[in-house]
Every structure is written in structure tokens, then in C-alpha cells.
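Structural features, examined
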Amino acid sequence: PSTVDEQIHPHASGDAEKTVNAHSAPQDLVLYAGWFCPFVQRTWLALEEKELLYEYREVNPYKKEKEFLEINPLGLVPALVYQNKALYESLIINEFLEDAFPQAKPLLPKDAFERARVRLWIDHVSKKVNAAYYRTLQAQEEEKQKEALGELVEALQKYLDQVKGPWFSGEEFSLADITIAPWINRLYILKEHRGFKDELVGGKWKEYEKTIKERPSVLKTTSEPQYYTEIYQRYLRNEAQSEVAKATRAGKALP
Ligand code: GSH
């Protein structure tokens with residue numbers, strides 16, 4: 001039986017559509033992507049920032065098509081095929097791009113301690129910020145929404161405390177900024193529907209948020225707002241059937 005998630009808008013729009021069209025020619029690196037997906041945007045951002053040649057291929061991961069499951073048995077986007085070998089998991093792919101293309105613009109600092117610090121806070125974003133984001137989005141009772149929102153604000157404050165400015169690591173934009181960017185880009189949904197306010201995080205949050213949202217690579221990989229809204233309405237009603245939505249509903253760790 002087909003689910004609503006299978007009927008999402010089929011392709012990117014706005015600036016993201018232009019970027020997709022500029023990456024339609026066959027390349028050694030193939031990004032299997034869903035235009036709407038924040039995990040995809042992480043890898044898409046890394047490819048754009050490193051200015052690598054890549055081919056963008058749109059897949060609807062909710063359809064679980066056999067050809068795609070052969071690339072990623074988990075059936076999740078992003079996936080990356082490089083010289084006929086497949087990888088998946090946004091954070092792992094980003095590390096791979098860093099290792100495989102040392103001549104391209106680096107997205108990790110040189111200093112060993114600073115690299116580890118970037119990875120530590122990538123882990124925080126992926127475990128704490130992301131989980132609290134979906135809990136806030138999907139919670140239905142006001143009490144639960146407030147509780148989740150409080151967790152999100154706290155997770156963002158802890159992250160912000162570590163931001164040297166203007167970027168996480170100081171002057172160099174890094175994988176830490178990339179890892180949080182897609183959720184910063186989608187915070188407006190929680191602002192509109194769950195009472196999120198920049199003031200709740202406080203400090204330099206507003207500045208950091210603005211800097212991230214105005215980053216050219218972020219703008220180039222962002223579609224038009226109405227198409228995201230369509231998708232997030234199902235999360236707001238707690239009706240989404242994605243693995244992320246199901247894990248959040250079950251109180252489990254995100255896939
Ligand atoms: N941990 C994965 C990553 O970081 O790459 C998560 C990827 C993920 O959940 N992608 C979603 C997906 O493919 C789209 S945003 N969902 C298909 C499904 O849930 O069935």
C-alpha cells in the first residue's frame with residue numbers, strides 16, 4: 001500500500017532546482033538524494049563546499065525501490081556512489097569526501113584537538129539536537145511539546161557555547177556547521193507551530209543562525225518553503241511514516 005510519504009513533491013524547486021540542473025551530467029561521484037531531506041542537505045553541502053564534480057540523482061526513499069536498496073540496504077538517502085562503490089550515512093559520507101579529496105577545500109581543521117572537538121559536537125548535534133527537534137515537531141500534547149522544546153533549547157545552548165564565531169571552529173567553516181545547518185534552516189517550522197524563539201537560546205544564537213542561513217551553499221541547496229511545509233504538516237500531526245518519525249514516536253534513537 002502506498003503511503004502519503006511516497007507522494008511527496010517529486011523534485012527540488014527554487015535555487016536548489018538550479019543546483020540540481022547544473023549537476024545532471026554523469027560523474028564519478030553520484031549523490032542519491034531527496035531534495036527535502038536534511039540529512040541529504042548535509043552531504044550536498046559538503047559536495048558544494050568542496051566544489052567537487054558530482055551528479056545529483058533524485059530518489060524517493062519512501063518507495064524503497066529495489067535498485068536503491070542495492071545501493072543502501074537501509075533504504076535511506078543520502079547515499080553516494082563513487083567508482084561503482086556505494087556508501088551511505090550523511091556523516092560517514094562527509095568524512096569520506098574529506099579523506100578521498102585532500103586537494104579540495106578542507107572541512108575539518110588541521111589541528112588534531114580541534115578536529116576531535118568538531119567531531120564531538122557533530123555527535124551532539126546528531127544525538128541531542130536532531131532527536132529533540134523531531135520530538136518537538138511530533139509531540140501532540142502541549143505538555144510534551146514544551147518538554148521537548150526545552151530539551152531542544154538546552155541542546156542548542158550547549159552547542160552555541162562551543163561556537164567560536166563566526167563559525168563553529170572560528171574563521172574556518174567546517175563539518176560542524178554543515179551538520180547543524182539543515183536543522184537551523186528548518187527551525188522556522190518550530191517557530192510557527194511549536195513556540196520556538198531565538199531568544200530562548202539567547203547569546204549569539206541569532207547571529208550564528210543568520211550566518212548559517214545566508215551561507216551560499218545553504219541557499220543553493222534549499223528549495224521553496226511551501227514544499228517543505230507540505231511535508232512537515234505530516235510530522236506536526238505525528239502522521240509521518242518515515243523511519244525518523246517512527247523512531248521518534250517509539251522513543252528510540254534516530255536511524
Ligand atoms: N542517519 C541517516 C543519515 O544521516 O544519512 C538518516 C537518513 C534519513 O533518515 N533519510 C530519510 C530517508 O531516507 C529522508 S530525510 N527516509 C526514508 C524512510 O524513512 O523510509
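Residues numbered from 1 in each chain as written. Predicted model: local features only at pLDDT ≥ 70, side-chain atom pairs only at ≥ 80, totals over all residues. Heavy atoms only, no water.

1. Observations concerning the overall build of the protein chain
The condition is simple: Secondary structure elements are defined from DSSP: runs of H or I of at least 4 residues count as helices, runs of E of at least 2 residues count as strands, and each element is numbered from the N terminus. Radius of gyration here is computed from C-alpha atoms only, and the compact-globule reference equals 2.2 Å multiplied by the residue count raised to the power 0.38. Any residue under 20% of the maximum accessible area for its type is buried, any over 50% is exposed, and the rest in between are partly exposed; the area is computed with a 1.4 Å probe on protein chains only.
For the protein chain, the count of helices and strands is 13 helices and 4 strands. Taken over the C-alpha trace, the protein chain has a radius of gyration of 18 Å; the compact-globule value for 255 residues is 18 Å, and the two agree within 12%. Across its three principal directions, the C-alpha atoms of the protein chain cover 50 × 50 × 30 Å. Within the protein chain, the proportion of its 255 residues that are buried is 52%.

2. Section: the nonpolar core
This is how it is decided: Definition of nonpolar core: a set of buried residues of the types Ala, Val, Leu, Ile, Met, Phe, Trp, Tyr and Cys, connected through side-chain atoms within 4.5 Å. For every domain, the bounds stem from an assignment made automatically or drawn from a database. In this analysis, two residues are considered to be in contact whenever any of their non-hydrogen atoms come within 4.5 Å of each other.
Phe-196 and Tyr-208 are the most contacted members of the largest nonpolar core, which totals 80 residues. Sort the elements by how many residues they give to this core and helix H5 (residues 112-138) lands first, with 9 residues. Counting only domains with at least three residues in this core, you end up with domain 1 (4-100) and domain 2 (112-249). Leave out the neighbours within four places in its chain, and Phe-196 touches Leu-149, Leu-152, Val-153, Leu-156, Leu-187, Leu-190, Lys-191, Val-201 and Trp-205.

3. Observations regarding the environment of Trp-205
When you line up the elements, Trp-205 lands in helix H10 (residues 205-213). The class for Trp-205 is buried, based on a relative accessible area of 0%. C-alpha of Trp-205 to C-alpha of Val-163: the two residues are 42 residues apart in sequence and 9.6 Å apart in space. Excluding anything up to four places from it in sequence, Trp-205 contacts Leu-156, Leu-160, Ile-184, Leu-187, Phe-196 and Asp-198.

4. Digging into the domain arrangement of the protein chain
Applied cut-off: Joining two parts hides part of their accessible area as seen by a 1.4 Å probe, and the buried area is that hidden amount summed over both. Nitrogen and oxygen atoms within 3.5 Å of one another constitute a polar contact, given that in protein one can donate a hydrogen and the other can accept it, and given that sequence-neighbouring residues count only through two side-chain atoms.
Domain annotation for the protein chain reports domain 1 (4-100) and domain 2 (112-249). Placing the centre of domain 1 and that of domain 2 at their C-alpha centroids yields a distance of 20 Å. Counting residues at the interface gives 27 residues for domain 1 and 36 residues for domain 2. Note on domain 1 versus domain 2: buried area summed over both sides is about 2,800 Å², and carbon and sulfur give 58% of it. Summed over the shared surface of domain 1 and domain 2, the number is 13 residue pairs in polar contact (both at pLDDT 80 or more). Secondary-structure elements contributing two or more residues to the side of domain 1 that touches domain 2 are helix H1 (14-21), helix H2 (38-49) and helix H4 (90-100). Element by element, the count of residues in the side of domain 1 that touches domain 2 is highest for H2, at 9 residues.

5. Comments concerning the confidence of the model for the protein chain
Stated formally: Think of pLDDT as the predictor's per-residue confidence, scored from 0 to 100.
On average, residues of the protein chain score 96 in pLDDT, and 98% of them are at 70 or above. Mean pLDDT across the secondary structure elements of the protein chain bottoms out at helix H12 (residues 225-236), with 93, and peaks at helix H7 (residues 175-185), with 99.

6. Looking at the environment of Leu-254
On the secondary structure map, Leu-254 appears in the segment after helix H13 (243-249). Leu-254 has contacts with Asn-130, Ala-131, Tyr-134, Val-244, Ala-247 and Thr-248, leaving out every residue within four places of it along the chain.

7. Focus: the site of the ligand
Inclusion rule: Any residue with a heavy atom lying within 4 Å of a molecule or strand is counted as near it. A 1.4 Å probe and the Shrake-Rupley method give the accessible areas. Residues count as covered only by the protein chains that appear here.
Looking at the ligand, there are 17 residues lining it, with Cys-37, Lys-64, Glu-89, Ser-90 and Glu-243 nearest. A distance of 2.7 Å separates a nitrogen atom of the ligand from a polar atom in the side chain of Glu-89. Note that an oxygen atom of the ligand is positioned 2.6 Å from one of the side-chain N or O atoms of Ser-90. Against a free-state accessible area of 520 Å², the protein chains account for coverage of 95% of the ligand.

8. A short note on unusual backbone geometry
One can expect most non-glycine residues to show negative phi and most peptide bonds to be in trans. With an omega of 5°, the peptide bond between Val-77 and Pro-78 qualifies as cis. Look at the link from Gly-165 to Pro-166: it is a cis peptide, with omega at -5°. Note that Pro-166 resides in the loop between helix H6 (142-162) and H7. Even without a glycine there, the phi angle at Lys-64 is positive, about 50°. If you trace the backbone, Lys-64 turns up in the loop between strand S2 (55-58) and helix H3 (66-71). Located in the positive-phi region is Asn-84, a residue other than glycine, with phi close to 70°. Tracing the backbone through its elements, the reader meets Asn-84 in the loop between strand S3 (79-82) and strand S4 (85-88). Asn-84 sits in the exposed class, given a relative accessible area of 77%.

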